[in-house]
Structure formats: structure tokens, C-alpha cells
Amino acid sequence: MGTAPANHGEQPKAGARHVAIIMDGNGRWAKKRGLPRAIGHQRGVEAVRRLVRALEPMQLECLTLYAFSSENWKRSIDEVDSLMNLMRRFIKSDLAEFVANDVKLKIIGDWQALAPDIVEMLEDALSQTANGKQTLAVALNYGSQHEIARAAAKAGEKGEISAETIAAELDTADLPPLDLLIRTSGEIRLSNFLLWQAAYSEMLFVDTLWPDFKPEHLAQALDDFAKRERRYGGRLAEPTNG
Ligand code: IPE
Ligand code: IPE
Ligand code: MG
């Protein structure tokens, strides 16, 4: 009595602050049309552009996109090259628009290990967008297990290893908690993406192939998210002991 009751299970149903997307299905999109995989990736970039352009009214603080995993190096040299070239072209063509639209770029993963010219372009993009309002976090050469191992090692160097000290060293430490994780293309797995951050995220797996993903799909997902009841281990029906 006199103190605020424990609020377990009574988290307010609010809009999402942070959504992440595993953008999957570019290869299958191309295959269905008898086109090279590289064209699927090209159309995938267009889907990203459409989404970023539509971001402002959705009021998200952060959108995180899985663009290249640390396991994607296992693909053919040709495919990796075409993905890297798309990245170069995308930064060149869209950076000014990011700045104009107040988008703040962030990169997670071991991006410093990418080709030196890409690292340089990314550093420039990060500094040019540093004052943006909505964060677009792009996972490049990203693997969640490695991210966690790195964070734990850093936490250990500084002192105590705990859930809190590890979380504080993750690449995402400065981002809001992950509310919703979406994967396109019908695969129901995480493929080494945000394993730690997704502990209490809502998840949405859709059959749409990434190049067909439209801003309306995200808007719908956000509407649905706002209706979900998040429990964080507590139960609404349980009386609180206040
Ligand atoms: C996602 O599409 C893009 C990347 C992984 C870079 P995929 O290339 O994985 O497409 P599918 O899964 O083969 O259809
Ligand atoms: C995950 O998709 C990585 C990205 C979307 C960048 P993959 O297509 O690489 O994942 P798997 O191989 O199907 O698990
Ligand atoms: Mg795939």
C-alpha cells in the first residue's frame, strides 16, 4: 500500500517504436520470373527505397533492416559482388534523400570489415545523417551470435558480466527495445538476426517475397501490432498486490 502496484502484465498497448525486417526472398522472386538473382536484389533495393520514403508518417523511431549476414559470404562471388555493388550504388543515389528526409543512418554488424571504399562511403553517410530524427539501422556483415560474444567480452573487460552489461555493449545499445520482427518470404527462422534483442519482440512471418513488400504491408503490421497484448512473462488476469 502507498507504493505503486507492480505492473506485471499491464504494459500499455502502444505503437511500435522499433521494427526490424529480415528482407528475404529476392532470389525466389527472380527465379519465378526466369530472371538472374541479381535482378531480384535490384528489385529488393527498390522495396527498401519505397519503404524508407514512406517511413515518416509511421512514427517509428527505428527501422532495422537485415541486408547482408555474416553467413552470406558463402554465396557465389558473383552474387556477393552484385550485392556489394548495389550497396555502393544505393548509398550514392539515396544519401541526399536520407539527409533531406531527416533519416539517421546506423550500421550494425562487422561493417568495418567490408571493402575499404564501402567503409569510407558508410562513414561519410553516417556523419552526413547524424542529426536525422528517424533511425534506419542497416545490418551489414551482421551475425547475432558474434555480436553477443563481442558484447560479452567487452562487458567482461569492463567488469561484471550480466544481462544488463552485455545488452549495453550490443551494436543496438542506443536503439529502442525491439517491438516487432518481420520476416518475408515464408521462412520461419531468425537466421542469426537479433537473437538477444528479440527476447520479447512480437514476430510476424509473411509469405510476401521481399521485392513485393510495400509500405502498406508495414503499415498493416504496425496496426496489428498495436492490438497485440504483450505480457513479458506476467498475466493480465493476475491481481496485482498493490
Ligand atoms: C534476401 O534474399 C537478400 C539477401 C540475403 C542478401 P535472398 O537472396 O536470400 O532470396 P532467396 O531466399 O534466395 O529467395
Ligand atoms: C537472411 O536471409 C539474411 C538476410 C535477409 C540478409 P538468408 O536467405 O541468408 O537466410 P537463410 O539462409 O535462408 O537462413
Ligand atoms: Mg534467403
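Everything below is about the structure shown above.
A few points on the structure. In this text, all values refer to a predicted model and were calculated from it rather than measured experimentally.

**Side note on the nonpolar core**
Then, number 1: Membership of the largest hydrophobic core comes to 47 residues, with the highest contact counts inside it found for Val19, Ile21, Leu63, Leu114, Leu136, Leu140 and Leu218.
Then, number 2: In terms of residue count, helix α3 (residues 77-100) provides more of this core than any other element does, nine residues in total.
Then, number 3: The residues contacting Val19, other than those within four sequence positions of it, are Leu60, Cys62, Leu63, Thr64, Leu178, Leu180, Ile182, Leu218 and Leu222.
Then, number 4: Core analysis: the second largest hydrophobic core is formed by eleven residues, Tyr66, Tyr142, Leu181 and Phe193 among them.

**Things to note about the site of ligand 1**
Then, number 1: Lining the immediate surroundings of ligand 1 are 13 residues, of which Asp24, Gly27, Arg28, Arg37 and Arg75 lie closest.
Then, number 2: In the environment of ligand 1, an oxygen atom lies 3.4 Å from a nitrogen or oxygen atom belonging to the backbone of Gly25.
Then, number 3: At a separation of 2.7 Å, an oxygen atom of ligand 1 approaches a polar side-chain atom of Arg28.
Then, number 4: Coverage of ligand 1 by the protein amounts to 86% of the 380 Å² it exposes when considered alone.
Then, number 5: Broken down by element, the residue count for the shell around ligand 1 peaks at three residues, all from helix α1 (residues 26-32).
Then, number 6: Considering only residue class, the shell around ligand 1 consists of three nonpolar, five polar and five charged.

**Comments concerning the pairing of strand β2 (residues 62-69)**
Then, number 1: The buried fraction of β2 is high, at seven of eight residues.
Then, number 2: Of the pairings in the sheet, the one linking β2 to strand β4 (residues 134-142) comprises seven bridges and is parallel in character. Bridged to Phe68 within β4 is Leu140.

**Brief notes about the packing of helix α2 (residues 37-53) against α3**
Then, number 1: Contact geometry of α2 with α3 gives a least axis separation of 10 Å together with a crossing angle of 25°. Comparing the axis directions of α2 and α3 gives the class roughly parallel. Considering only the axes of α2 and α3, their crossing is right-handed. Judged by residue contacts, Arg37, Ala38, His41, Gln42, Val45, Val48, Arg49, Val52 and Arg53 of α2 engage Glu79, Ser82, Leu83, Leu86, Phe90, Ser93, Asp94, Glu97 and Phe98 from α3.
Then, number 2: For the contact of α2 with α3, the residue count by class is eight nonpolar, four polar and six charged.

**Here we look at the side chain of Glu79**
Then, number 1: Within the secondary structure, Glu79 sits in helix α3.
Then, number 2: Relative accessible area serves as the criterion here: at 10%, Glu79 is assigned to the buried category.
Then, number 3: A polar contact of 2.9 Å, which involves the side chain of Glu79, links it to the side chain of Arg37.
Then, number 4: Apart from the residues lying within four places of it in its own chain, the contact partners of Glu79 are Arg37 and His41.

**Things to note about the site of ligand 2**
Then, number 1: Around ligand 2 lies a shell formed by Ile22, Met23, Asp24, Tyr66, Ala67, Phe68, Asn72, Arg75, Arg183, Arg189 and Ser191.
Then, number 2: Note that an oxygen atom of ligand 2 is positioned 3.2 Å from one of the side-chain N or O atoms of Asp24.
Then, number 3: Within the side chain of Arg189, an N or O atom sits 2.8 Å from an oxygen atom of ligand 2.
Then, number 4: Out of a free accessible area of 390 Å², ligand 2 has 77% covered by protein chains.
Then, number 5: With three residues, the single largest contributor to the shell around ligand 2 is β2.

**Considerations on the pattern of salt bridges**
Then, number 1: Applying the stated rule across the entire model yields 20 salt bridges.
Then, number 2: Residue Arg230 is joined to Asp179 by a salt bridge in which the shortest nitrogen-to-oxygen separation is 2.9 Å. Placement of the pair is Arg230 in the segment after α7 (215-227) and Asp179 in the loop between α6 (163-167) and β5 (180-183), with a sequence separation of 51 residues. In this structure, Arg230 and Asp179 share a single accessibility class: buried.
Then, number 3: Close ionic contact of Arg189 with Glu187 constitutes a salt bridge, the shortest N to O distance being 3.4 Å.
Then, number 4: Owing to a relative accessible area of 21%, Glu187 belongs among the partly exposed residues under this scheme.
Then, number 5: Overlapping salt bridges bring together Asp24, Arg28, Arg183, Glu187 and Arg189 as one network.

**A short note on the packing of aromatic side chains**
Then, number 1: By the definition in use, this model includes seven aromatic pairs.
Then, number 2: Geometrically, the ring pair formed by Phe68 and Trp73 is edge-to-face, given 4.9 Å between the ring centres and 75° between the ring planes.
Then, number 3: Exposure remark for Phe68: the relative accessible area of 2% places this residue in the buried category.
Then, number 4: Look at Tyr142 and Phe193: their rings are 5.7 Å apart centre to centre, the planes differ by 80°, and that puts the pair in the edge-to-face class.

Definitions and cut-offs
Residues numbered from 1 in each chain as written. Chains lettered and ligands numbered in written order. Predicted model: local features only at pLDDT ≥ 70, side-chain atom pairs only at ≥ 80, totals over all residues. Heavy atoms only, no water. Core = buried A, V, L, I, M, F, W, Y, C linked by side-chain atoms within 4.5 Å. Buried < 20%, exposed > 50% of the residue type's maximum accessible area, 1.4 Å probe, protein only. Helix = DSSP H or I, 4+ residues; strand = E, 2+ residues; numbered from the N terminus. Contact = heavy atoms within 4.5 Å. Near = heavy atom within 4 Å. Polar contact = N/O pair within 3.5 Å; in protein donor to acceptor, adjacent residues only side chain to side chain. Areas by Shrake-Rupley, 256 points an atom, 1.4 Å probe, with all protein chains shown as cover. Nonpolar A, V, L, I, M, F, W, Y, C, P; charged D, E, K, R; others polar. Pairing = 2+ DSSP bridges. Axes fitted to C-alpha atoms, helices over the stretch in contact; angles between N-to-C directions. Parallel < 35°, antiparallel > 145°, perpendicular 65-115°, else oblique. Left-handed = near helix turned anticlockwise from the far one by under 90°. Salt bridge = Lys/Arg side-chain N within 4 Å of Asp/Glu carboxyl O. Phe/Tyr/Trp six-rings, centres within 6.5 Å; stacked < 30°, edge-to-face > 60°.

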